[in-house]
Amino acid sequence: MDQFRRIQTGKKGDIFLVLFKDKKILDDTMLDEIRTELAQLLGKASGPDVLLDFSQVEFMSSAMLGLLGQLHRKISSGQGRLKMCGIRPEIFQVFKLTNLDKLFSIHKDAPTALATFT
Amino acid sequence: MATAPGTAATGPTAGVDVLIAEDSRMQAKILQKRLTEAGHTVRWAENGQLALEMARERRPEIIISDIEMPVATGYEFCKAVKTDPALRTVPFILLSTLSDPIDIIRGLDAGADNYVTKPYEPDYLLGRMQALLATPLAESEEAAAATLEVSLAGQTFQVKAGRQQVLNLLVSTFENAVSKNQELVVANQELSVARDSLQKTNEELTSLNAEISRINAQMVRDLTAAAKVQRSLLPADDVSLPGLEIAWRYVPCHSLAGDFLNIFQLDEERVGLFVVDVSGHGVPSSLMAVTVGRFLTPKVSDSSILVRQGADGKVVVATPAEVATQLNHLFQADEFSGLYFTMLYGVLHVPSGRLDYAAGGHPALVRIPAAGGAPEFHGADGFPIAFVPEVEYGQQTLQLEPGDRIYLYSDGVPEAMDQDQEAYGDEKMAACLDAGRRGPLAGSVGSLLEAVEAWCQPKGPLDDVTILGVEWKP
């Protein structure tokens, strides 16, 4: 199932697991690639449950938040759930600064996050 | 290598018993396949010793042998064949790279009948083989061969070879030379063609370069024009409003930015001020910034969401909460680009010093109290604008005291990264502003910008840096 360049994917039951492979998510080209890969992964699923794992990511631009917003809107409109985990303090700061820590469902690690899907 | 003329066409000899000595399995398989297709019987040995055993077991009609092999080289194998009374008249072809003249002498010394240079075409080898089979070595001549002493490259070789054998070897060597020469001629012609084509490509590149320069110049003009439009979103350098002192700095990290700020009179008593930060950089972000800017104008117009004409003809000033909610409504989440922006918008009632403000995902403003006391952060909840559809934004109120300073800024200030990816941070920012409280307002804004730029050395800030300072002086 691992045919992507930017994300590593898996499934736990019906939950899509997405691990961002890059240490730094910065330029627009990379964002476009991530956007495309996520669309390919989730394309056919209606209202999927998705867990995004940021444990590899050390730095990301604020534009990545825009991508997460798009994803959030798309998934919520289909009654799916989007959760995130493995976010480092430095990156969590970006969420906090924009109040988006209150919008997104953020958990410590993948097992903790997965337990909240039930 | 092309098939040499005059050899491949030699009479059809089929059903020949061929023995191959070759240590490369791949090479042997290719040759074996080709020979088998030509109707020959083929045996293959992977070294000279095994090959000799096979030759003694059943006398082959011709032997084709590589030179470099572990356990008995081609020369040793050849010599063994040529000194074996039962095998000596079996034609022996050596596969050689002929990289050294001494190879020829060694071949003669070993008694080889023919050379084929590597790499070879199987068809070429087949032609050589058939030519050799068509002119069998006379047993008598072999016996009559005299021993010659040959010196080459400081070595002496005892060469015992018959006339026909020498002739065969010389002809094969000469053919090789001719064939190599032909290859050289062809290579030379190809080189000449390649040179012409290179020259043509060069000319095309030169013309493409000129085209790129032209396009580049056009883009620079466009960017300059766009940057000019962006400048129109900013306050005048010497902006001055009654009852206030104002200082601002704005340093885009690209020629086009996603940040902008402004401060202006909304009505007789109220001043509007904001900092907006569109996510990302470059053209898409700056286009969105310009679009947002059209709505954030203090001139009563169809597009302004800050002020409108009331029923009584008076100007009605929208509250910061209304402005944020309305902007979020206007900029419905953009599904294509994922662009959004953060904003802190305030309305300051100048006579009273009451500041109402709303924020959408934007860093808190800093107050430096005139009475002394630590810098204060005043933020407001609220998601970035164009992030969550149709949400209501709230607003906060901050009562200023005479001489209080407030600073609005973009996240390019606290989030500025040093070489080790450490952020400049709220604390240093507040301390820097605090340190400048006794000096002029413009000095404190300038110092903060310098501190951020110094923090990001040697690369400089990777984000737009925007700072707006206001002092209330009723």
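These numbers come from a predicted model, not from an experiment.

S.K.: What am I meant to see in the nonpolar core here?
M.R.: Considering soluble globular proteins, one finds that nonpolar side chains tend to be buried as a cluster. Residues and elements named next belong to chain B. Counting residues in each nonpolar core, the largest one holds 103 residues, and the members touching the most others are L408, L448, V452, I467 and L468. Of the residues forming this core, the biggest block, 7 residues, is contributed by helix 11 (residues 441-455). One finds I20, M69, Y115 and V159 within the second-largest nonpolar core, a separate group that totals 38 residues.

S.K.: Before we go on, may I ask you to explain the environment of R56 of chain B in this structure?
M.R.: All names here are of chain B. The residue R56 is located in helix 2 (residues 48-57) in this model. For R56, a count of 13 C-beta atoms within 10 Å puts it in the partly exposed group. Spatially, the C-alpha atom of R56 lies 9.1 Å from that of D84, the residues being 28 residues apart in sequence.

S.K.: Mind showing me how you'd approach the interface of chain B and chain A here?
M.R.: Often, the extent of an interface is quoted as the loss of accessible area on bringing the components together. With 18 residues of chain B at the interface, the matching set in chain A holds 15 residues. Its residues placed into classes, the side of chain B that touches chain A shows 8 nonpolar, 7 polar and 3 charged.

S.K.: Would you take a moment to explain the packing of helix 2 of chain B against helix 3 (residues 74-82) of chain B for this structure?
M.R.: Helix packing geometry: the angle between the two helix axes and the distance between the axes. All names here are of chain B. Helix 3 packs onto helix 2 with a crossing angle of 25° between their chain directions and a minimal axis gap of 9 Å. In this view, helix 2 runs roughly parallel relative to helix 3, as classed from their interaxial angle. Remark: the crossing between helix 2 and helix 3 carries right-handed chirality. Residues G48, A51, L52 and A55 of helix 2 form the contact with helix 3, whose own contacting residues are G74, E76, F77, A80 and V81. Taken together, the residues that form the contact of helix 2 with helix 3 break down as 6 nonpolar, 2 polar and 1 charged.

S.K.: Any chance you could explain the packing of helix 10 (residues 425-435) of chain B against helix 11 of chain B here in plain terms?
M.R.: Residues and elements named next belong to chain B. Packing of helix 10 against helix 11 leaves a shortest axis separation of 9 Å and a crossing angle of 145°. Considering how the two elements wind past one another, helix 10 and helix 11 form a crossing that is right-handed. Contact residues: M429, C432 and L433 in helix 10; S444, S447, L448 and A451 in helix 11.

S.K.: What exactly am I supposed to notice about helix 1 (residues 28-42) of chain A here?
M.R.: All names here are of chain A. For helix 1, built from 15 residues, the straight-helix expectation of 21 Å at 1.5 Å per residue is met to within 8% by its first-to-last C-alpha distance of 21 Å. Among all positions in helix 1, only L31, I34, L38 and L42 are buried. The arc enclosing the buried residues of helix 1, seen along the axis, measures out at 60°, which places them on a common side. Set apart from the buried face of helix 1 by more than 90 degrees, the exposed residues are T29 and A39. Those residues of helix 1 that are buried are in contact with strand 1 (7-12), strand 2 (15-20), strand 4 (49-53) and helix 2 (63-77).

Reading the values: rules and limits
- Residues numbered from 1 in each chain as written.
- Chains lettered and ligands numbered in written order.
- Predicted model: local features only at pLDDT ≥ 70, side-chain atom pairs only at ≥ 80, totals over all residues.
- Core = buried A, V, L, I, M, F, W, Y, C linked by C-beta atoms within 7 Å.
- Buried ≥ 20, exposed ≤ 12 C-beta atoms within 10 Å, placed from the backbone.
- Helix = DSSP H or I, 4+ residues; strand = E, 2+ residues; numbered from the N terminus.
- Contact = placed C-beta atoms within 7 Å.
- Nonpolar A, V, L, I, M, F, W, Y, C, P; charged D, E, K, R; others polar.
- Axes fitted to C-alpha atoms, helices over the stretch in contact; angles between N-to-C directions.
- Parallel < 35°, antiparallel > 145°, perpendicular 65-115°, else oblique.
- Left-handed = near helix turned anticlockwise from the far one by under 90°.
- Expected span 1.5 Å × (residues − 1).
- Arc of directions from axis to C-beta.

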